[in-house]
Amino acid sequence: MNRLKKCLVGLLAFSMVLSGCAKADTKKDDHHLTVFLWESRLVKNLAPYIRSQYPDMDIEFISGNNNTDLYEYYQEHGQLPDIISVRRFSGTDSKELQPYLLDLSSYDIVSKYYSYALQYYYNKDQSIHWLPICGIPQTMIANKTLFDQYGIALPTNYEEYAEACQKLNALGIKPNSMDMGEDWSCLEAIQGGAIDEFTSLEGLEWRSKAESAKDKISFDETMGHRIFSKTHQFLKDSCFTKEDVNLSIDDGTNMFVEKKSAIFHGTPDIYKTLSSQMSDSELVRLPYFSQTSNDGYIYMHPSLNVALNKDLENDKTKLDAALKVLDCMISKKGQQLIANGTGVISFNPDVESMMNDVKGLEESLKNNNIYIRYSAQKSFVAAKEVVHGLLTGQMDENSAYDIFCELMNTKSDQEKAIVHFDKEYSIYLNDKYGRDAPSSILTTIRKAYDAKLAFVPYYYFTSPIYKGDCTASQLDLMLCHDSNTYVHVKKMSGKEIYALVKELDVKDKYSLPIASGMKLVFDENYKLKDILVDGVSIDFDKKYSILLSDSTDVSNPSLASAWVSVMSKQDQPSKPEDYIEIGK
């Protein structure tokens, strides 16, 4: 324990230096707050709003990752950030982090939630370590115009759904083109098809046990067989066949757009996109219907799940700041930014659900028939395996239950390290307003691609480089996985490069970009003054090879895959560069 305390004290002093303060100004009461948002879009959209609400608070936003692995990597080195967030989450996956997370059950923030949302987040001892921030409904989408064309009524319960599917199938129209080739859709089919089981008292009890289980995760056997029996029935009633195991999201979407299928599924964002593509059709959202009652439930996942570092209890000012950030997230504006302007279900009674432009879910919303999906990482792989087994006839509900439980409890093989780092580099700002780990990573990639220069936004980097052994998976965690992080090298004139950098919206020291092979000179208001290459101003007429990360061509490697590939072939990364200068 004494050793841990010493480590934390040392870490606090170290983080004060990294926060960008001059050493002479570093004090023990530094209240620098670190907030990790699971995707860079949130850093770009949500962070400026939160800063605008609390301009006097020192908040640094970093991109995180869509699971808890990144934060476990931080915690292994005693550096868990103050606020962490993920989307794909379950208590099952955050067991290792739980001792280091703040119990929020006694704080006022919890009183700002509907009870139906919190029921999935209580631990067995009634503690709460995670909170959801607004829900994204992932439900069925029906082409009402196609239903009307063939005189088939839109279903309002499960019996009518099954009957409508049979009628559509007899007409040669695929009733439901849900993309069963994707693991998330298979998981949705299990929980959506047997949604009455998952929302029952037994289902809630299983969920609570699964989220806090230290060892084996399994359903009650009787309940498990009921779940997979209803899943199997849903698959059959929807007229899915063995051919659907290869149906990708693109295939399923295209079938629906081309009116070869009558039902697809998706979020409000997908609903909005499909509505614009199918302007001649009226689209309606459908809930997942209970097989034992006339109820319909909205299957949903939170936009993000948030937890706080337990150490915040030792600093009231930082804790108050962290709670204000959470409060800002669950405000109406915060939820709109998190959801990117599309419809969401608010868990905050003071904020109305933003579902006014979405038809078909009114009754479920009125009755709070809302189910937050179970999404342990292993459940995605397990769901795909058993749904495919049911569709191909290789499994029945009994064997599906057995295999699902077996896969959920499979022990992961210990991954071997592929590199041993001799030095440690931080992701946070140094006293020159640069970031050492991102600089080291970008310079390493730049040199491997034989580019003279490199330039990327700061929010693509997620982790420090820690001294010691590192696996390929841990290397991969050090960069975010956005769709626009594919790297490419191109020739650009000095004038074009200057314009590119100048276009970047740098609002403060935390949003300064990462560069390599050049020094970016900004004035005190973060406006670009100069770019230095080899110590002199960039030549506007000269062509330079520059590595960028703005490609959407998936044939190019991503920043993360390029980094892993390069470090699997060399011993050490390049040293960080002095790439930023702030003028006086």
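That block above? That's the structure.
A quick note: this is a predicted structure, and the numbers were derived from the prediction, not measured.

What counts, and where the lines are drawn
Per chain, residues are indexed from 1 in the order of the written sequence. Totals for whole chains, interfaces and linings use all residues, but because this is a predicted model, local features are given only for residues with pLDDT of at least 70 and pairs of side-chain atoms are given and counted only at 80 or more. The side-chain figures draw on all heavy atoms in the structure; neither hydrogens nor water molecules are used. A helix here means a DSSP run of H or I that spans at least four residues, while a strand means a run of E at least two residues long, and both kinds are numbered starting from the N terminus. For a compact globule the rule gives 2.2 Å times the number of residues to the power 0.38, and the radius of gyration it is set against comes from C-alpha atoms. Note on classification: 1.4 Å probe, protein chains only; a residue is buried when its accessible area is under 20% of the maximum for its type, exposed when over 50%, partly exposed between these limits. Contacts are assigned to residue pairs that have any heavy atoms within 4.5 Å of one another. For accessible areas, the Shrake-Rupley method is used with a probe of radius 1.4 Å. Any residue's cover is judged against the shown protein chains and nothing else. Positive: Lys, Arg. Negative: Asp, Glu. His and the chain ends are not part of the count. Charged side chains are reduced to one point each, which is NZ for Lys, CZ for Arg, CG for Asp and CD for Glu. Any two strands with at least two DSSP bridges between them are considered paired. Axis geometry follows a simple rule: fit a line to the C-alpha atoms, using only the stretch in contact for helices, then measure angles between N-to-C directions, giving values from 0 to 180 degrees. Whenever a carboxyl oxygen of Asp or Glu lies within 4 Å of a side-chain nitrogen of Lys or Arg, that contact is scored as a salt bridge. Orientation categories follow fixed angle ranges, with anything under 35 degrees roughly parallel, anything over 145 roughly antiparallel, 65 to 115 roughly perpendicular, and all other angles oblique. For any pair of crossing helices, the crossing counts as left-handed if the nearer helix is rotated counterclockwise from the farther one by less than a right angle, and right-handed if it is rotated clockwise. Nonpolar residues are Ala, Val, Leu, Ile, Met, Phe, Trp, Tyr, Cys and Pro. Charged residues are Asp, Glu, Lys and Arg, and all others, Gly as well, are polar. Of the two site types, the cavity is a set of points on a 1 Å grid over the protein atoms alone where a 1.4 Å probe fits but cannot get out, and the pocket is an open set with protein on both sides within 12 Å along at least five of seven lines, each lined by residues with an atom within 4 Å of a point. Grid points are joined across faces, edges and corners, and a volume is the space filled by probe spheres set on the points.

Asker: Would you take a moment to explain the overall build of the protein for this structure?
Answerer: Along the protein, the regular secondary structure elements total 21 helices and 21 strands. The C-alpha radius of gyration of the protein comes to 25 Å, within 12% of the 25 Å expected for a compact globule of 584 residues. Oriented by its inertia axes, the alpha-carbon framework of the protein measures out at about 75 × 60 × 45 Å. Buried positions account for 57% of the 584 residues belonging to the protein. Considering only contacts within the protein whose residues lie at least 6 apart along the sequence, 77% involve residues at least 24 apart. Only carbon and sulfur atoms are counted for the fraction: they give 47% of the accessible area of the protein, which is about 25,300 Å². The centroid of the 63 positive side-chain charges in the protein is displaced by 5 Å from the centroid of its 83 negative side-chain charges.

Asker: Can you walk me through the environment of Ile-427 in this structure?
Answerer: Along the chain, Ile-427 turns up in the loop between β12 (417-421) and α18 (436-448). Once residues within four sequence positions are removed from consideration, Ile-427 is found in contact with Ile-62, Tyr-74, Arg-435, Ala-437, Pro-438, Phe-461, Thr-462, Ser-463 and Pro-464.

Asker: So what exactly am I meant to see when it comes to the sheet that holds strand β15 (residues 486-493) here?
Answerer: Across a sheet, strands are paired by hydrogen bonds formed along the backbone, either parallel or antiparallel in direction. The strand order β15-β20-β13-β16 describes an open sheet built from four strands, whose pairing is mixed. Sheet topology places β15 and β16 (514-516) at the edges, where each strand pairs with a single neighbour. Each strand axis lies, on average, 20 degrees off the axis of its neighbour in the sheet, ignoring direction. Across the sheet, α18 is in contact with β13 (453-456), β16 and β20 (543-551); its angle to β16 comes to roughly 40 degrees. Across the sheet, helix α20 (residues 494-503) touches β13, β15 and β20, and the angle it forms with β15 is around 125 degrees.

Asker: I tried to follow the pattern of salt bridges on my own but got confused; where do I start?
Answerer: Two side chains with opposite charge may pair up if their charged atoms get near one another. Under the definition given, this model contains 22 salt bridges. The shortest N-O distance in the salt bridge between Arg-226 and Glu-202 comes to 3.0 Å. Taken together, the residues Arg-226 in helix α10 (residues 221-237) and Glu-202 in helix α9 (residues 201-212) connect sequence positions 24 residues apart. The exposure class assigned to Arg-226 is partly exposed, which follows from its relative accessible area of 28%. Judged by its relative accessible area of 41%, Glu-202 is partly exposed. Across the salt bridge formed by Asp-320 and Lys-316, the nearest N and O atoms sit 2.8 Å from each other. Here Asp-320 and its partner Lys-316 are both found in helix α13 (residues 316-329), four residues apart, which amounts to about one turn of the helix.

Asker: Before we go on, may I ask you to explain the packing of helix α2 (residues 40-53) against α13 in this structure?
Answerer: Running from amino to carboxyl end, α2 crosses α13 at an angle of 120 degrees, the nearest separation of the two axes being 10 Å. In terms of orientation, α2 lies oblique with respect to α13. For the element pair α2 and α13, the recorded crossing hand is right-handed. Counted together, Leu-46, Tyr-49, Ile-50 and Gln-53 of α2 and Val-325, Cys-328 and Met-329 of α13 form the full contact between these two elements. Across the contact of α2 with α13, the residue classes tally to six nonpolar, one polar and no charged.

Asker: Would you mind going over empty space enclosed by the protein with me for this structure?
Answerer: Any empty space left between atoms is shown by rolling a water-sized probe over those atoms. Here the structure, examined in full by the defined rule, presents five cavities of 30 Å³ or more. One number sums up the size of the largest cavity: a volume of about 120 Å³. Around the largest cavity sit Phe-89, Gly-91, Ser-94, Gln-98, Tyr-120, Tyr-121, Tyr-122, Asn-123, His-129, Trp-130 and Glu-211, which together line it. The wall of the second largest cavity is formed by 14 residues, among which Phe-89, Tyr-121, Arg-207, Ile-372 and Arg-373 lie closest to the centre. Going through the elements one at a time, α9 and β10 (296-308) are the ones with two or more residues in the lining of the second largest cavity. Class assignment of the residues belonging to the lining of the second largest cavity gives a composition of six nonpolar, four polar and four charged.

Asker: Got a minute to help me understand the side chain of Gln-191 in this structure?
Answerer: Position of Gln-191 relative to the elements: it lies in helix α7 (residues 183-193). Classification of Gln-191 by relative accessible area gives buried; the value is 2%. Sequence-distant contacts of Gln-191, that is, excluding residues within four places in its chain, are made with Phe-198, Tyr-299, Tyr-371, Arg-373 and Tyr-374.

Function-wise, these values are silent; they only describe arrangement.
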